[in-house]
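One letter stands for each residue in the lines below.
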Amino acid sequence: KLIHFYYDIDEWELYDLENDPKEMMNVIADPEYADVLKEMQDELKKLQEKYGDSEEAARALIEE
């Protein structure tokens, strides 16, 4: 599970739900998950482009 808090604190979290279903250990910096992280970030970027989501769009919504 990849989480990006991009419009307020710009923090990333990555959880291995098979081995850590309670999301207790953020593995974002673990080199063993580098390939998974890259794959998930690429997919997130594709979805953001598809749906018109971006940091700028989020900030504009917050400012309204």
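For the structure, see preceding data.
The structure displayed is predicted, hence computed values, not measured ones. (Residues numbered from 1 in each chain as written. Predicted model: local features only at pLDDT ≥ 70, side-chain atom pairs only at ≥ 80, totals over all residues. Heavy atoms only, no water.)

With respect to the side chain of His-4
Part 1 of the reasoning: By secondary structure assignment, the location of His-4 is in strand β1 (residues 2-5).
Part 2 of the reasoning: Of the polar contacts made by the side chain of His-4, one reaches the side chain of Asp-10; its length is 2.8 Å.
Part 3 of the reasoning: Excluding anything up to four places from it in sequence, His-4 contacts Asp-10, Glu-11, Trp-12 and Leu-44. (Helix = DSSP H or I, 4+ residues; strand = E, 2+ residues; numbered from the N terminus. Polar contact = N/O pair within 3.5 Å; in protein donor to acceptor, adjacent residues only side chain to side chain. Contact = heavy atoms within 4.5 Å.)

Some details on helix α1 (residues 34-51)
Part 1 of the reasoning: Between its terminal C-alpha atoms α1 stretches 26 Å, which fits the 26 Å expected from 18 residues at 1.5 Å a residue.
Part 2 of the reasoning: In the stretch just after α1, Gly-52 is the one whose phi turns positive, near 70°. (Expected span 1.5 Å × (residues − 1).)

With respect to the layout of surface pockets
Part 1 of the reasoning: Taken as a whole, the largest pocket encloses approximately 190 Å³ of empty space.
Part 2 of the reasoning: If you go around the largest pocket, the residues you meet are His-4, Tyr-6, Trp-12, Gln-41, Leu-44, Lys-45, Gln-48, Glu-49, Asp-53, Ser-54 and Glu-55.
Part 3 of the reasoning: Element by element, the count of residues in the lining of the largest pocket is highest for α1, at five residues.
Part 4 of the reasoning: Among the residues forming the lining of the largest pocket, the class breakdown is three nonpolar, four polar and four charged. (1 Å grid on protein atoms, 1.4 Å probe; cavity = no way out; pocket = protein on both sides within 12 Å on 5 of 7 lines; lining within 4 Å. Points joined across faces, edges and corners; volume = space filled by probe spheres on them. Nonpolar A, V, L, I, M, F, W, Y, C, P; charged D, E, K, R; others polar.)

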